[in-house]
Every structure is written in C-alpha cells, then in structure tokens.
Amino acid sequence: MNQTSPRLLFIGCVFLFVFMYAPLLVVIVFSLTPTEYGVSWEGFTLKWYQAVFDNKNIQAALKVSLMVTIPSVLIATAIGTITAFTLYRSKFIGRALFQGVLYIPLIMPDLVIGISLLLFYTSLNLELGILTILMAHVSFTIPLTTLVIIARMQRIDRNLEDAAMDLGADEWTTMRKVTLPLLKPGILAAALLAFPWSFNDFVITFFVSGVGSSTLPIRVYSMIRLGVSPIINALGTLIVVLPLILVVLGLLLERRRMG
Amino acid sequence: MKVMDVYRLRKSLLRFFRNHPAFGIGAALSPSAFWLLIFTLIPMGIVIYYSFLTRGPWGTVINEFTLDSYRLILDPLFLKIFARSVKLAVLTVVICLLAGYMIAYWIAFYGGKRKNFLLFLVILPFWTSYLVRIYAWIALLSDHGLVNNFLIKIQLIDEPLPLLHNEFAVLVGLVYTYLPFMILPLYASLERLDRSVLEAASDLGATARERFFQVTLPLTKGGMLSGSVLVFAPALGEYLIPELLGGAKAMMIGKFIALKFIGLRHWPLGSTYSLMLLLMTLILLYLYMRVGGGKEAFQEQR
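Source: prediction; values computed, not measured. (Residues numbered from 1 in each chain as written. Chains lettered and ligands numbered in written order. Predicted model: local features only at pLDDT ≥ 70, side-chain atom pairs only at ≥ 80, totals over all residues. Heavy atoms only, no water.)

### Details of the overall build of chain A
Working step 1: In terms of regular secondary structure, chain A is built from twelve helices and zero strands.
Working step 2: Along chain A, helices (α) and strands (β) appear in the sequence α-α-α-α-α-α-α-α-α-α-α-α when read from the amino end.
Working step 3: Across the 259 residues of chain A, 53% fall into the buried class.
Working step 4: About 12,000 Å² of surface is accessible on chain A, with carbon and sulfur atoms providing 68% of the total.
Working step 5: Treating the 18 positive side-chain charges of chain A as one cloud and the 13 negative ones as another, the clouds have centres 4 Å apart. (Helix = DSSP H or I, 4+ residues; strand = E, 2+ residues; numbered from the N terminus. Buried < 20%, exposed > 50% of the residue type's maximum accessible area, 1.4 Å probe, protein only. Areas by Shrake-Rupley, 256 points an atom, 1.4 Å probe, with all protein chains shown as cover. Lys, Arg positive; Asp, Glu negative; His and termini not counted. Charge placed at Lys NZ, Arg CZ, Asp CG, Glu CD.)

### With respect to the overall build of chain B
Working step 1: Scanning chain B from N- to C-terminus turns up 15 helices and two strands.
Working step 2: Over its C-alpha atoms chain B spans a radius of gyration of 26 Å, topping by over 25% the 19 Å that the globule rule assigns to 302 residues.
Working step 3: Taken over the C-alpha atoms alone, chain B extends approximately 85 × 70 × 40 Å along its principal axes.
Working step 4: Across chain B, the fraction of contacts at a sequence separation of at least 24, relative to all contacts at a separation of at least 6, is 67%.
Working step 5: Summing over all exposed atoms, chain B offers an accessible surface of approximately 15,000 Å²; the carbon and sulfur share of this is 68%.
Working step 6: Across chain B, 28 positive and 17 negative side-chain charges occur, with their mean positions spaced 11 Å apart. (Rg over C-alpha atoms; globule rule 2.2 N^0.38 Å. Contact = heavy atoms within 4.5 Å.)

### A short note on the side chain of A:Thr45
Residue and element names in this part refer to chain A.
Working step 1: Within the secondary structure, Thr45 sits in the loop between helix H1 (7–30) and helix H2 (47–54).
Working step 2: For Thr45, a relative accessible area of 14% puts it in the buried group.
Working step 3: A polar contact is formed between the side chain of Thr45 and the backbone nitrogen of Lys47, at a distance of 2.9 Å.
Working step 4: With near-sequence residues (within four places) excluded, Thr45 lies in contact with Ser31, Leu32, Thr33 and Pro34. (Polar contact = N/O pair within 3.5 Å; in protein donor to acceptor, adjacent residues only side chain to side chain.)

### A few points about the packing of helix H2 (residues 21–51) of chain B against helix H14 (residues 267–291) of chain B
All names here are of chain B.
Working step 1: Relative orientation of the contacting elements H2 and H14 amounts to 125°, with a least axis distance of 7 Å. Classified by the angle their axes make, H2 and H14 are oblique. Relative to H14, the crossing made by H2 is left-handed. Every residue of H14 that contacts H2 at Met44, Val47, Ile48, Tyr50 and Ser51 is listed here: Trp267, Pro268, Ser271, Thr272, Leu275 and Leu278. (Axes fitted to C-alpha atoms, helices over the stretch in contact; angles between N-to-C directions. Parallel < 35°, antiparallel > 145°, perpendicular 65-115°, else oblique. Left-handed = near helix turned anticlockwise from the far one by under 90°.)

### Here's the deal with the interface of chain A and chain B
Working step 1: Each side of the interface is counted separately: chain A has 89 residues, and chain B has 81 residues.
Working step 2: Summed over both sides, the interface between chain A and chain B buries roughly 7,900 Å², with carbon and sulfur atoms accounting for 81% of that surface.
Working step 3: At the junction of chain A and chain B, the tally comes to three salt bridges.
Working step 4: Close ionic contact of B:Arg10 with A:Asp170 constitutes a salt bridge, the shortest N to O distance being 3.3 Å.
Working step 5: Applying the counting criterion to the chain A and chain B interface returns ten residue pairs in polar contact (both at pLDDT 80 or more).
Working step 6: Top contributing element to the side of chain A that touches chain B by residue count: H1(A), with 14 residues.
Working step 7: Of the residues contributing to the side of chain A that touches chain B, the split by class is 65 nonpolar, 18 polar and six charged. (Buried area = accessible area lost by both parts, 1.4 Å probe. Salt bridge = Lys/Arg side-chain N within 4 Å of Asp/Glu carboxyl O. Nonpolar A, V, L, I, M, F, W, Y, C, P; charged D, E, K, R; others polar.)

### Here's the deal with unusual backbone geometry
Working step 1: Notably, A:Asn125 is not glycine yet its phi reads approximately 60°, a positive angle.
Working step 2: Positionally, A:Asn125 belongs in the loop between helix H6 (110–123) and helix H7 (130–153).
Working step 3: Residue A:Asn125 is classed as exposed on the basis of its relative accessible area, which comes to 71%.
Working step 4: Here the phi dihedral of B:His165 falls at roughly 60°; this positive angle occurs in a residue that is not glycine.

### Details of the pattern of salt bridges
All names here are of chain B.
Working step 1: This model, assessed by the stated rule, comprises ten salt bridges over all chains.
Working step 2: A salt bridge links Glu167 to Arg84; the nearest nitrogen and oxygen atoms lie 3.1 Å apart. Of this pair, Glu167 sits in helix H8 (residues 167–192) while Arg84 sits in helix H4 (residues 76–110); the two residues are 83 residues apart in sequence, bridging distant segments of the chain.
Working step 3: Under the relative-accessibility criterion, Glu167 is labelled partly exposed at 25%.
Working step 4: Assessed through its relative accessible area of 15%, Arg84 is described here as buried.

### Regarding the packing of aromatic side chains
Working step 1: All chains considered together, the criterion is met by 37 aromatic pairs over all chains.
Working step 2: Every member of this aromatic cluster is reached through a ring pair, and the members are A:Phe120, A:Tyr121, B:Phe34, B:Trp35 and B:Phe39. (Phe/Tyr/Trp six-rings, centres within 6.5 Å; stacked < 30°, edge-to-face > 60°.)

### Things to note about the packing of helix H13 (residues 253–262) of chain B against H14(B)
Residues and elements named next belong to chain B.
Working step 1: Direction vectors running N to C along H13 and H14 enclose 155°, while the axes themselves pass 8 Å from each other. Viewed along their axes, H13 and H14 adopt a mutual orientation that is roughly antiparallel. Crossing handedness for the pair H13 and H14: left-handed. Contacts from Ile253, Phe256, Ile257, Lys260 and Phe261 in H13 reach Trp267, Leu269, Gly270, Ser271, Tyr273, Ser274 and Leu277 in H14.

### Quick look at a nonpolar patch on the surface
Residue and element names in this part refer to chain B.
Working step 1: On the surface, Leu9, Leu13, Phe16, Phe17 and Phe23 cluster together to form a nonpolar patch covering roughly 470 Å² of accessible area.
Working step 2: Examining the composition of the nonpolar patch, we find that four residues originate from one element, helix H1 (residues 2–19), more than from any other.
Working step 3: Note on placement: Phe23 falls in helix H2. (Patch = residues over 30% accessible without salt bridge, like charges linked within 9 Å, V, L, I, M, F, W, Y side chains within 5 Å.)

### Points about the domain arrangement of chain B
Residues and elements named next belong to chain B.
Working step 1: Annotation of chain B at the domain level lists domain 1 (1–51) and domain 2 (69–300).
Working step 2: Distance from the C-alpha centre of domain 1 to the C-alpha centre of domain 2: 39 Å.
Working step 3: If you look at the interface, domain 1 gives five residues, while domain 2 gives eight residues.
Working step 4: When domain 1 packs against domain 2, the two sides together hide about 540 Å² of surface, and 73% of this comes from carbon and sulfur.
Working step 5: Among the residues of domain 1 in contact with domain 2, Val47, Tyr50 and Ser51 are the three that bury the most area, contributing 79% of the side total.
Working step 6: One can count zero salt bridges joining domain 1 with domain 2.
Working step 7: The class makeup of the residues in the side of domain 1 that touches domain 2 is four nonpolar, one polar and no charged. (Domains from an automatic or database assignment.)

### Side note on the environment of A:Arg155
Residue and element names in this part refer to chain A.
Working step 1: Relative to the helices and strands, Arg155 resides in the loop between H7 and helix H8 (158–166).
Working step 2: The partly exposed category is assigned to Arg155, whose relative accessible area is 34%.
Working step 3: When the C-alpha atoms of Arg155 and Leu182 are compared, they prove to be 9.5 Å apart, with 27 residues separating the residues in sequence.

### Brief notes about the confidence of the model for chain B
A low pLDDT score tells you not to read the predicted coordinates there in detail.
Working step 1: Overall, the predicted model of chain B reaches an average pLDDT of 88, with 96% of residues at or above 70.
Working step 2: A low-confidence stretch, residues 296–302 of chain B stays under pLDDT 50, and its non-local contacts, those more than four residues away or across chains, total 24 contacts. (pLDDT = per-residue confidence, 0-100.)

Shown next, in the form of structure tokens:
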C-alpha cells in the first residue's frame, strides 16, 4: 500500500467530513451573531445565550429533561448491568431469543415505539407526564446499556474470577471484589452514553409527553415550528456541546483496552 | 450477632442459587424482562388490537371488530406514499454506500495513526441532538439560507433555488443522519480484510482498478450488506426529517402515520399502517439474519 492517499479520494473524504460537521458548525456560529434570522454574520454577541437563560419555558423544560434523564440513566444502567452479566455468563434455553427480543427497541422505528406507548398509556387511562416519559426512556435505554456492558464482559479475563473462587471467595465476594471492578469502565461508559441517548430523544418522547411536561427537545421543536430564530441556535449549541463532554468520556472509556 | 446473621443468610442464599441456577437466572433477568414485557411487547399487542377496531365519529374509537383498516392498505394515497418512502430509503442507501465506502476505505487504508480519531469523528455527531442537527439543515437550505446566499453572492444564480421542503431536502437529511451507520460496518470489514490477499492480487499482475473491483469489493460484501440494512430500516420509518425538511410534496410513511394519530385521530388506521411499517422492517431484518451477519450488525451499530 502506498502511504499517500490518491488525491481524489482525499478530496472526497474532506468534502464528506465537511458535510457531516457543517450543520453543527452553522448552529454554533450563528448562535454568536446578532442578526434576527441567523443567516449572515454581523458581529459577536452573547445576547441569545442571555435570552436562553432568562427564558422561563426553557428552564422548565430543562428541569423536566433532567428529572427524566437522570433516573432513567441510573435505572437502565443498573438493569443493563445485571442483564448483561447474566446473559453473558449463563447458558439457558431461550437465551438467544431473550437477547433478540431485548434488542427489539433498537430495531423498531422510533415512531412505532412512540405510538405503541401512547396507545398503551391511553388504554390504561394514565395521564401523560414526567412518569410516562420516564418509563418510556428506561425501556429504550436498557438495550443500549446492556449492549455496551456485554461488549465489556467479552474482554474480561475469566481466569481472574476462577482464581478468586479457587482462593476461597464465594460468588458474592467474587462478584463484588473482582467482576464489578473489572466491569466498572464498561458500566460507566454505558451510563455516559445512555445520558445523551435519553436526553436527546425526540420522536418517542413527542408521543408520550403531556401538555405540561415538555422535555428540552420537545421545547426546541415547538420553537422551530414558530420559525428559525437565533435563540434556537444558542439553545441548540448548549444542547449539543454540554452532553458531548459526557459522550467523549464515554466513548473513550468504552474503547480503552483492558489493564 | 447481626453481622453473623447477614453472613449466614447470604451463605444459604448462595447455596440455594447454586443448587437451583434457574432461579438465579430468572431473578437476574426479571427486571429487564419486566420492562420488555410491559413497555415493548404489551404496547405492540395493543397496536395490533387497535388495528381491528372501528373508528367512531370525531376521532373516537368504537370497540367493534372490523377489517376496514386493513382494506385501506390498498388506498392509492397510502401506496403512493409507501412507494415514495421506499424510493427515498433506497436512494439513501445507494448514496451512503458510495460516500461511506470512500470514507471507510480512506480511514482503513490511509488513516495511519489517526484511524481511531477519524472513526471518533464519524461517530460523534450521532451522539448529539438529532433534532438540532436536522434543524440546522433548515438554516442551510431555506430560500434565505446559507447555501442560497452563497450561490447568489458568487453570482452563480439570481433567484434562490428551491432547496427546502422537497424530496431533495429529505434525501440530504436522511443521508446526513444515517451515513455513520454505513461507515462503521464498512470500516470493520475493510479492516478485517487480509492485506496479503491484496498483495497477492498485485503480485499476480492485477491493476489497482482490477484489484479493487475483483478482490476488495467482493470481500467486503458483508459490511456493505450490514450497512445497507442499518441505513434502510430507520430511513424507511423516518418521521422527523420529512416533517421538518420535506413539505407536503415529500410526505413519507412515518409522517403519514403520525398525521393519522395526531391530526386526524384515526387510531385504528394509524395502527394498521404502523404494523405495515414494522412488518416491513422485521421481514428485512429476518432476511438479513438468514443471509448471515446479524450479530455483526449489533456490535457495529455503535
């Protein structure tokens, strides 16, 4: 293989990376300029950020978002850990089937998940609100956390656990003192990735949120319906950049080698 | 004393689970099984149930069995929208295949030390708000958007091009959103490709072009297939992109179904159409699993 890439391929790839990042850059750049329509650069300002922080609706939506995302990340990570451990370590009839069914929410179109939950809640006469959103988020986050933790399980050296058992530790002690510490980066990665997974969800939340319970993406959506405005750019920048810190940490942890 | 009790309890519990492993497995899997049953499987059952109900006046639903909704599958409007959705999803797959192959090939063969960083760049947007990224395309493609402004400024055009609220905008949005799903499996299969096979091809006198089309491409068929399924399935059922970027002319099945639920409150029909969409997705995945590589897809989705 020659080391310098063919020029045409290189140019094509640069173009594609620009294509992948241009929209995010546009949102960020135009959150910092004072024009009303956000289409051309006219100097630097932070006034749209000020407007975001002063907006009562946005504050309320952020509160709802955190009240949904934090518990659902914690619950889904805990359940994902037990599920991944059991699925990976135990042999039982129907294991493949269980795993297949578990991943259904990853394959189903979000729209269908949202609509089926809407019908479910309506049939039960449940009032749509934070609790219905939270339940929905846990259910579509469990497959993700399980998947990430199973990937980590595959890299754990079984001999370490066997050694602990040989040295007289029972299953409980082995789990607490050997398996869990080895699995910790995987669990942390799962939680860090589950955060944006739940926080950013729009389509499913859209169908299961009630009148008084808008999460941030739902709030952004209703602002978009009113027209393009720089305040959306500022809010969008915050929504994109802040969770990204967690994502970068999560991806780094997930990819890190053992040891 | 208390500590001893806890210890003894733990010991007898562990002995119980050791002797009856089924209980242990059952207990450990029950939380996810519970959530799966209550919030995925039962709601699916309810959608199936609703699809057989009768629509009452003013968007109510009457508890009477009927096949009316299933007869409306052949509604020409629905078929037209379904056909358009399939067309747009296929186009998305084709464009993603071409673009994704370029990027995956470049990273796999010329990435050098930056391979992991470049892959990271490919995945990163996927983890940011999809709503905000789609919204950004409105600012880029609208009549007074950046693209039109730029083209007018360099005097390539006088009037803004109609870039937004049509099939073109939807296609751009779909390719943009699902491209990473194509790149990852392609990259994995290119990375797995045995380099000595390529050297052998060259040694035996194949030109670069022959080697690519007769060796590299056939050997990465698995990745191409995985990527195509991972792109096609969500693109077909996409809701937000046609909602924000497509106008009335670029209606896709996802938006059509949502309209049945929210706008017209025709829940039985909306349920039937949702089932059609789900069925299509499941058939596709089943066929794909039969061809092989299902496991691969799940691992490479991230």
